[in-house]
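Residues per chain are reported as follows:
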Amino acid sequence: MNAPAKLIEVLPQTVEFTLDGKTVHAYEGETIFKAAKRHGVDIPHLCYKDGYRPDGNCRACVVEVKGERTLAPSCCRNATAGMEVQANSERALKSQKMVLEMLLSDMPDTGYKWNEQDESLQHGELSDWAARMHVEVRPELKALRREQPKADVSHPAMAVNLDACIQCKRCVRACREEQVNDVIGYAMRGSHSEIVFDLNDPMGDSTCVACGECVQACPTGALMPKTQIGSQLVDKKVDSVCPFCGVGCLITYNVKDNVILSVDGRDGPANHNRLCVKGRFGFDYAHSPQRLTKPLIRKEGVGKDPAALEKLNRNTADWSEVFREASWEEALALSGDTLRGLRDTHGKKALAGFGSAKGSNEEAYLFQKLVRTGFGSNNVDHCTRLCHASSVAALLEGVGSGAVSNQVNDVEHAGLIFVIGSNPTANHPVAATWMKNAAKRGAKIVLADPRITDIGKHAWRTLQFKADTDVAMLNALIHTVIEEDLTDREFIRERASNFEALRENVKAYSPEAMAPICGIPAETLREVAREFAKAKGAMILWGMGISQHVHGTDNARCLIALSTVTGQIGKPGSGLHPLRGQNNVQGASDAGLIPMMFPNYQRVDNKGVHAWFEDFWKTPLDDKPGYTVVEIMHKALAPDSDPHKIRGMYVMGENPAMSDPDLNHARHALASLSHLVVQDIFMTETAWLADVVLPATAWPEKTGTVSNTDRMVQMGKQAVQAPGDAKPDLWIIQQLAKRMGLDWNYEGEHAGVAAVYEEMRQAMYAVISGITWERLERESSVTYPCLGADDPGAPTVFIDRFDTPNGRVNLVPADIIPANERPDADYPFVLITGRQLEHWHTGSMTRRAAVLDAIEPMATASMCGADLAAFGLVAGDVVTVQSRRGSVAIHVRRDDGTPQGAVFIPFAYYEAAANLMTNAALDPFGKIPEFKYCAVAIRRGGQPAALPGYGTNDAVDVGQG
């Protein structure tokens, strides 16, 4: 992956002015406030917040400018040459103190936001500045205090205490300008003016998406997380990384008595302090009473009946009917000895491992090393097979790298942002804020998706194409670019291969010919193609709506071709970005948790690479690619005569009994194994089918690195201790390795995490050689490729060449391949699956987070109003959705963004598991299942399954003896 050419540094112009009698310099266009702060002069401020547009409405930051009649707000007044400013003059200080006193006089007697070092300072930043400026409120001002409004505690996550509001409007800017959610406003006039939500609704009834940006912005506690009402004193603050989606927001845990009280967004390169509802309020899953705290062994004589899984999972206390507690020594011995015996008896193909994209890079690296060197085969995979395997296959084939070319916030430099097969406001909310910010600055968003999602509100054009017609639509765009001579000829000539074959292939895909197929008018297709080609930068971001098809690799090939023929790659605001779904999908893939790849995407069947890793690990290695997730399930059900039958599995942090397609088949396969070891933090659906369950650590309980969707390697540090006898995942892997006959010795804190990282760095030297453990401890986040200690990393790649052998893009033509299963008279609807804002992956974590579960406690199926009317349904009614593989009874939700003839179901709900119905048909290149398209029938009525008791209100102890 090539690094960008070095840019010539352009120094900013400066101006000279006087501040409190001293000559200082300000950058051209810099405010007095910022210049003063750089020179060590701290001016009181309340409405100002770093990173936000200065508003100048609190007047706490006024300064005196020589020759001017009125005082100037320093936060929104630029310094100019020759200006004479006094921030500490008698006049300025008197005004600053008066503002603080007037605001303080209106505060309630008991505040909400204590200073973290001094509980006497109970009104946050206002108390802080009053103390620093020695301001005390005169009794006569207190007597004139406003009538105090009542608290609004209608929202599950946040309390609204307008008696502490100073109307600084930081929350308004946070909501409207930073997150672009447009919920918080400023209403009424004069003394009646106030902060409102939507049309003065209670916050809990508003359209608030609970990102909590307003809470983080509020200086006084007028908006507070409910978990921090009361004492603000904490034992420690620990920097880490959000454990949910692939955006990789940096966070700070606020910890007291080994409990996380709240989470703050940190100024990381991916988020710049922003968070979403999961990152800010989804942390308490780690403290759930349902945490596994003791190793468990299946009781003798208790069989594995997948049909009983439904009953068992309803009441997590029932584990005692199936499992008994054990010591670590007994559990590890049984696990290791049994797996070793299966390997030695039936051969090295008899075992397989599923690693985790929710753990650290170090865990992923060590897990795949255990499978390859201890189990003896390449039968190792993880959830990227179910998310972006086809994207990675196309990218490796086309540009030589499976990672993104440009980072998400590079949309700032784009003229056109093409979002396809992705719902970023739900799946990557902070990434979506950068897109919305860009749209407000004039960038054109094009949303291409069978469903119109929230980002469509900000779109210039919406291409609501018929499900499964991606290739038809994308080829029509490519056809237009070529036919109308909008190509970047020089780019194609110098940097692309196989253009003529592509040109010939798309001749048959005119917009006029494709319009009836994809459902988009020909002129709209042409209009979008022209804008894409002519934009100063056009960036493509996609999600699993592109990848989870039998033609997923072809979909991604078309996106690569569209970027290439227009020259929209290798420069700012352009390129290809498959948005990663889990916090470490990118890192786990980079680290080699893939059956056909060693670390850094080096083929296991490449003789040179194979020899290098045999020497590096001092162990003979299998030179044949292993089986993928779905193939492993098939092999678990193979006859005993099959020499490659999978008989034993080790699953770390994955939940295939919920995440795999055709769940009845997957659960039957897991139950058929001779021995299944599951390592997790909860009794997941997969754990119920295990022989041994090993209690592991949640993300806040470990130190390690993860790699986000932007190619940033980022460090998270341990914030709290694990409960009971739960052990670090890295320690467990090493213990099992010893019992598989491996002589590993990784010394140091946290099960030798730094030593493991250093070994992984050597295995991935070509891209992360410049990212040492010490550097990550110092900087928290470094972008790769990074090849030296002074290398800042490369946020944009492919500037000069691609990572293919000849340095050129390999264009691969694609033709229409229909879905494996089409609607018919018996199954006339299309099922689309995906995530939603509050819940993530299989729900094992988010549904055990109190706020997230309170906001979205129940599974729903989204249908448009026309289809609901056709069935005589209203929102909240129950329907039964059935495919050829399974069915669920579920409540309906009206969503007019869902097209007629389709139903959308999120896959995080056990009691209405969408994957009972999905199709296991595979893309032939990426080996990814067709989650995004299968035929279903819908009928009124049915009996929804009872909730599984994930929520914290009715949680019961697991593994507590």
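A. Broad picture of empty space enclosed by the protein. A full pass over the atoms with the stated rule returns eleven cavities of 30 Å³ or more. Estimated volume of the largest cavity: approximately 310 Å³. In terms of lining residues, the largest cavity is bounded by 27 residues, among which G421, D449, G545, T833 and K932 are the most central. Those elements giving two or more residues to the lining of the largest cavity turn out to be helix 20 (544-547) and strand 32 (829-834).

B. Examining the layout of surface pockets more closely. In this model, the largest pocket occupies a volume close to 1100 Å³. Lining the largest pocket are 43 residues, and of these V209, T425, D454, L837 and E838 lie nearest its centre. At the level of secondary structure, the elements contributing two or more residues to the lining of the largest pocket comprise helix 13 (424-427), helix 14 (429-440), strand 33 (860-863), strand 35 (887-894) and strand 36 (902-906). A per-element tally of the lining of the largest pocket places helix 14 first, with four residues. By residue class, the composition of the lining of the largest pocket is 18 nonpolar, 14 polar and eleven charged. Approximately 910 Å³ is the volume found for the second largest pocket. As for the second largest pocket, its lining consists of 36 residues, and the residues nearest its centre are K113, E125, R170, Q216 and C218. Put simply, the parts of the chain that give the lining of the second largest pocket at least two residues each are helix 3 (124-132), helix 6 (213-217), strand 9 (223-225), strand 12 (259-265) and helix 7 (277-281).

C. Highlighting the side chain of S844. Turning to its location among the elements, S844 is positioned in the loop between strand 32 and helix 31 (850-855). We classify S844 as buried; its relative accessible area is 9%. Setting aside chain neighbours within four positions, we find S844 in contact with F682 and T684.

D. Region of the structure containing the environment of A671. Relative to the elements of secondary structure, A671 occurs in helix 26 (residues 663-672). The contact partners of A671, leaving out residues within four places of it in the chain, are K304, P306 and L689.

E. Highlighting the packing of helix 27 (residues 729-739) against helix 28 (residues 749-763). The contact between helix 27 and helix 28 brings their axes to 8 Å, and the two run at 80 degrees. In terms of axis orientation, helix 27 runs roughly perpendicular to helix 28. Contact residues: helix 27 offers L730, W731 and Q734, while helix 28 offers H750, A751, G752, V753 and V756. Residues belonging to the contact of helix 27 with helix 28 are distributed by class as follows: five nonpolar, three polar and no charged.

F. How the structure looks around the sheet that holds strand 3 (residues 62-65). Taken together, the five strands give an open sheet; going across it, the order is 2-1-5-3-4, and neighbouring strands pair in mixed fashion. The outermost strands of the open sheet, each flanked by one partner alone, are strand 2 (22-27) and strand 4 (72-73). Here strand 1 (residues 14-19) runs beside strand 5 (residues 84-86); their pairing, made up of two bridges, is parallel. Counterpart to L19 in the pairing with strand 5 is V85. Helix-sheet contacts for helix 2 (residues 90-105) involve strand 3 and strand 5, and the interaxial angle to strand 3 is about 160 degrees.

G. Expanded view of the environment of P429. Examined against the element boundaries, P429 turns out to sit in helix 14. Placed 152 residues apart in sequence, P429 and V277 show a C-alpha to C-alpha distance of 8.8 Å.

H. Looking closely at the confidence of the model for the protein chain. Summarising the model, the protein chain shows a mean pLDDT of 94, and 96% of its residues fall at 70 or more. Across residues 3-8, where pLDDT falls below 50, the model places seven contacts with residues more than four positions away in sequence or in other chains. Overall, residues 951-961 carries pLDDT values under 50, and its contacts beyond four positions in sequence, including any with other chains, amount to 30 contacts.

Thresholds, definitions, all that
- Residues numbered from 1 in each chain as written.
- Predicted model: local features only at pLDDT ≥ 70, side-chain atom pairs only at ≥ 80, totals over all residues.
- Heavy atoms only, no water.
- 1 Å grid on protein atoms, 1.4 Å probe; cavity = no way out; pocket = protein on both sides within 12 Å on 5 of 7 lines; lining within 4 Å.
- Points joined across faces, edges and corners; volume = space filled by probe spheres on them.
- Helix = DSSP H or I, 4+ residues; strand = E, 2+ residues; numbered from the N terminus.
- Nonpolar A, V, L, I, M, F, W, Y, C, P; charged D, E, K, R; others polar.
- Buried < 20%, exposed > 50% of the residue type's maximum accessible area, 1.4 Å probe, protein only.
- Contact = heavy atoms within 4.5 Å.
- Axes fitted to C-alpha atoms, helices over the stretch in contact; angles between N-to-C directions.
- Parallel < 35°, antiparallel > 145°, perpendicular 65-115°, else oblique.
- Pairing = 2+ DSSP bridges.
- pLDDT = per-residue confidence, 0-100.

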